[in-house]
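Each chain, written out:
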Amino acid sequence: MEDKSIFKSWVPNWAIIIILFVCLLHSMILLGVYSSNVTYAASFLDIEAEDLQFAMCVTYGTLLATILIESRFSNYFPAKTYLMALYVLIAVTIIASGYVTNFAVFIMLRILEGILMALPVMILRQLLVERFNSKNAIIIGFSFYYGSLLLATPFIMNIAVWFLDHYDWKYMLYVSGMLQVINVFLILITFNSHRITKKIPLYQIDYLSYVLVLTSIITGAYFFVYAERKYWFESSQLILSLIICFITGGLFIFRQLLVKRPSFDFNVLRYANLRIGFLLFFIFYISRATLSLCHAAMFTIWNWDPSRVAGVQYINGLGNVIGLILAAIFLMKSMATKYIFMIGFALLAVYHFWFTFLFVSDVSLSDILIPYILQGIAVGVLFVPLVLFTVTAVPGKMMTSSGIVGVSGRFWGSTIGFCIMQNAQVFLNKKHFLKLSQFVTGDNPQAQETIAKTAQSFAAKGYSLDDSNALALKKVFSSVAKQSTLLSDMEIYTVVAYSLLVLVVLIGVNQHLKQTANLFKKKIWIS
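Parameters at a glance
Residues numbered from 1 in each chain as written. Predicted model: local features only at pLDDT ≥ 70, side-chain atom pairs only at ≥ 80, totals over all residues. Heavy atoms only, no water. Helix = DSSP H or I, 4+ residues; strand = E, 2+ residues; numbered from the N terminus. Buried < 20%, exposed > 50% of the residue type's maximum accessible area, 1.4 Å probe, protein only. Contact = heavy atoms within 4.5 Å. Areas by Shrake-Rupley, 256 points an atom, 1.4 Å probe, with all protein chains shown as cover. pLDDT = per-residue confidence, 0-100. Phe/Tyr/Trp six-rings, centres within 6.5 Å; stacked < 30°, edge-to-face > 60°. Lys NZ or Arg CZ within 6 Å of the ring centre and 35° of its normal. Polar contact = N/O pair within 3.5 Å; in protein donor to acceptor, adjacent residues only side chain to side chain. Expected span 1.5 Å × (residues − 1). Axes fitted to C-alpha atoms, helices over the stretch in contact; angles between N-to-C directions. Parallel < 35°, antiparallel > 145°, perpendicular 65-115°, else oblique. Left-handed = near helix turned anticlockwise from the far one by under 90°. Nonpolar A, V, L, I, M, F, W, Y, C, P; charged D, E, K, R; others polar. Salt bridge = Lys/Arg side-chain N within 4 Å of Asp/Glu carboxyl O. Arc of directions from axis to C-beta. Core = buried A, V, L, I, M, F, W, Y, C linked by side-chain atoms within 4.5 Å.

### Some details on the overall build of the chain
(1) Moving on: Each helix and strand counted, the chain has 21 helices and 0 strands in total.
(2) Moving on: Counting only residues that meet the buried cut, the chain has 54% of its 527 residues in that class.
(3) Moving on: Residue pairs at least 24 apart in sequence account for 85% of intrachain contacts in the chain once pairs closer than 6 positions are excluded.
(4) Moving on: Approximately 23300 Å² of the chain is accessible, and the part contributed by carbon and sulfur atoms is 67%.

### Examining the confidence of the model for the chain
(1) Moving on: Looking at the chain, pLDDT values average 77 and 76% of them are 70 or higher.
(2) Moving on: Every residue in residues 519–527 is under pLDDT 50, and counting partners more than four places away or in other chains gives 48 contacts.

### Overview of the packing of aromatic side chains
(1) Moving on: Taken as a whole, this structure holds 22 aromatic pairs when the rule is applied.
(2) Moving on: Residues Phe54 and Tyr226 carry aromatic rings whose centres are separated by 5.7 Å and whose planes lie at 55 degrees to one another, so their mutual orientation is tilted. With Phe54 in helix 4 (residues 49–66) and Tyr226 in helix 12 (residues 207–226), this pair connects stretches of sequence that are 172 residues apart.
(3) Moving on: An aromatic cluster of three or more residues is present, and its members are Tyr60, Phe223, Phe224, Trp232, Phe233, Phe411 and Trp412.
(4) Moving on: Here the guanidinium or amino end of Lys230 rests over the ring plane of Tyr226, the centre of that ring lying 5.7 Å away.
(5) Moving on: It is Arg288 that lies over the ring of Tyr285; its NZ or CZ is 5.4 Å from the centre.

### Structural notes on the environment of Tyr60
(1) Moving on: Tracing the backbone shows Tyr60 in helix 4.
(2) Moving on: Assessed through its relative accessible area of 15%, Tyr60 is described here as buried.
(3) Moving on: Once residues within four sequence positions are removed from consideration, Tyr60 is found in contact with Val407, Arg410 and Phe411.
(4) Moving on: Here the side chain of Tyr60 touches Arg410 through a polar contact of 3.2 Å, side chain to side chain.

### Remarks on the side chain of Thr62
(1) Moving on: Residue placement: Thr62 occurs in helix 4.
(2) Moving on: Not counting the four nearest positions on each side in its chain, Thr62 is found in contact with Ile111, Gly114, Ile115, Tyr210 and Leu214.

### Brief notes about the environment of Leu324
(1) Moving on: With respect to the helices and strands, Leu324 occurs in helix 16 (residues 306–332).
(2) Moving on: Sequence-wise, Leu324 and Gly380 are 56 residues apart; in three dimensions their C-alpha atoms are separated by 4.5 Å.
(3) Moving on: Dropping the residues within four chain positions of it, Leu324 is found in contact with Ser143, Gly147, Leu150, Gly380, Val381 and Val384.

### Details of helix 7 (residues 103–118)
(1) Moving on: Here helix 7 spans 23 Å end to end across 16 residues, near enough to the 22 Å set by a 1.5 Å rise per residue.
(2) Moving on: Those residues of helix 7 lying buried are Phe106, Ile107, Leu109, Arg110, Ile111, Glu113, Gly114, Leu116, Met117 and Ala118.

### Let's talk about the environment of Tyr493
(1) Moving on: As for its position among the elements, Tyr493 is in helix 21 (residues 465–509).
(2) Moving on: A relative accessible area of 0% means that Tyr493 is categorised as buried.
(3) Moving on: Remark: the alpha-carbon pair of Tyr493 and His352, spanning 141 residues in sequence, is separated by 5.3 Å.
(4) Moving on: Sequence-distant contacts of Tyr493, defined by excluding residues within four places in its chain, comprise Thr290, Leu291, Leu293, Cys294, Tyr351, His352, Phe355, Thr356 and Phe359.

### Overview of the packing of helix 1 (residues 13–24) against helix 8 (residues 121–129)
(1) Moving on: For the pair helix 1 and helix 8, the least separation of the axes is 10 Å and the interaxial angle reads 155 degrees. Viewed along their axes, helix 1 and helix 8 adopt a mutual orientation that is roughly antiparallel. Viewed along their axes, helix 1 and helix 8 form a crossing whose handedness is left-handed. Contact with helix 1, carried on its side by Ile17, Leu20, Phe21, Cys23 and Leu24, involves Val121, Leu124, Arg125, Leu127 and Leu128 of helix 8 and no other residues of that element.
(2) Moving on: Here the contact of helix 1 with helix 8 is built from residues that sort into 9 nonpolar, no polar and 1 charged.

### Some remarks on the pattern of salt bridges
(1) Moving on: The final tally for this structure, using the stated rule, is 2 salt bridges.
(2) Moving on: Residue Glu113 pairs with Arg110 through a salt bridge whose shortest N-O separation is 2.7 Å. Note that Glu113 and Arg110 are positioned in helix 7 at a spacing of 3 residues, about one turn of the helix. Across the pair, exposure class does not vary: Glu113 and Arg110 are buried alike.

### Re helix 17 (residues 337–356)
Along an α-helix, a turn takes 3.6 residues, which lines up residues three or four apart on a common side.
(1) Moving on: A rise of 1.5 Å per residue sets the reference length of helix 17, with its 20 residues, at 28 Å; its end C-alpha atoms lie 29 Å apart and thus fit the reference within 8%.
(2) Moving on: Regarding helix 17, the residues found buried are Thr337, Lys338, Ile340, Phe341, Gly344, Phe345, Leu348, Ala349, Tyr351, His352, Phe355 and Thr356. The buried side chains of helix 17 occupy one side of the element, clustering within an arc of 165 degrees when seen end-on.

### Overview of the nonpolar core
Generally speaking, nonpolar side chains in soluble globular proteins are found buried as a group.
(1) Moving on: Among the nonpolar cores identified, the biggest contains 145 residues, and Phe284, Met298, Trp302, Phe345 and Phe355 are the most heavily contacted of them.
(2) Moving on: No other element matches helix 18 (residues 365–391), which puts 15 residues into this core.

Written out as structure tokens, the structure reads:
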């Protein structure tokens, strides 16, 4: 892509790189503005946490589907007009979502936001990559970009906590929308109006394939997000969503194999490294999902206030930065890819083993500091190498499809990871609660003594005898519920830890992993 004439002559190269980075970070806002404070956002919309998780899956899933057709739009319109129009629309949708209380309308907005999040990606990343002239520059550049995405959650969560302490929720959306206006201004003053690609008619877009794959993604996400809440196959809605997912997914695959110019080239799946990259992304995101159990324990077990939890996440972010720096050094030194993956997943295993012993009734920040940082380091070490490995696993002409495979691994890994953690915790909580409850009721003298002392403490505060006994029993069972949660988290972390150790061994003996990723096979980045 020839981009030398797209920027005005007075704009220096370093400023162009910064501007492109800033414009790319719009996705950080679209994904993070609601996920940063799930409880408040859910109460604002009068929905459950699963509903908000589904809304986030809808946005990310729509992004995944839109990547298939994004290049046709960016090739049809002049870059300056195209990008300015997109960022204006993004600002409008973000602000409009602050006035929506109907969940169905909110989901439609999230679909629109997913489309708008995907559309600027191709052209901006293409322009960004072509500003770099060496392997090390590409590594550093993309470490900064993906590092920004990794740090989005703690950064936006801290902003959200501050806004909620001082202003109404809508003001956060106003600021998010204004940041998009800044992008419009930057593009207005630094871009020329020249066309940088050959104009391709929009009627050649395979809209039918887009609708099929988007329907399959959304219905599949619906099944996994609501599986526990609706009792899996006992729900006719879940069964219907799964049937629609398989039918539309099958029709999409069938159509791609028949049409002359498919949106997705299934020949990429013939390459072993790409299949391995997808599997590693999938496992990586499932193992990352356990961090939500840690944060839930901070809120519900250790009773940390939201501002403290938000601040603690910066510690994990520090680990991300350290991991990204280590990964960049490994890539610059051309370390074998399998060794980078082994180091990253081994660190994740250590984090899970270590944290298994920290799920107790009360801990201090110093207790969790090292393993919490280790989790961030592991994620930072793995993320960029996984992206580069997946994208460069196939010939240049297939790299768009390989990037889509990488995004698919992240999407389905995070969606199914949420499902696994949710179902595992509910199942184990019930099992442990029933077992522990046996020691509270019946003839257990120690339990009866505890209940009696607790009832006396409530009676001393002026409660009636019946109320004191009821409150005492409620408090004891609340303690049992917390202990059940801690035991469940310990079991989940232990299973994940051993699974990661097995994965490290399998990576070590794998013969298909390439030694290093060739960063210059083609300067195109979708993943």
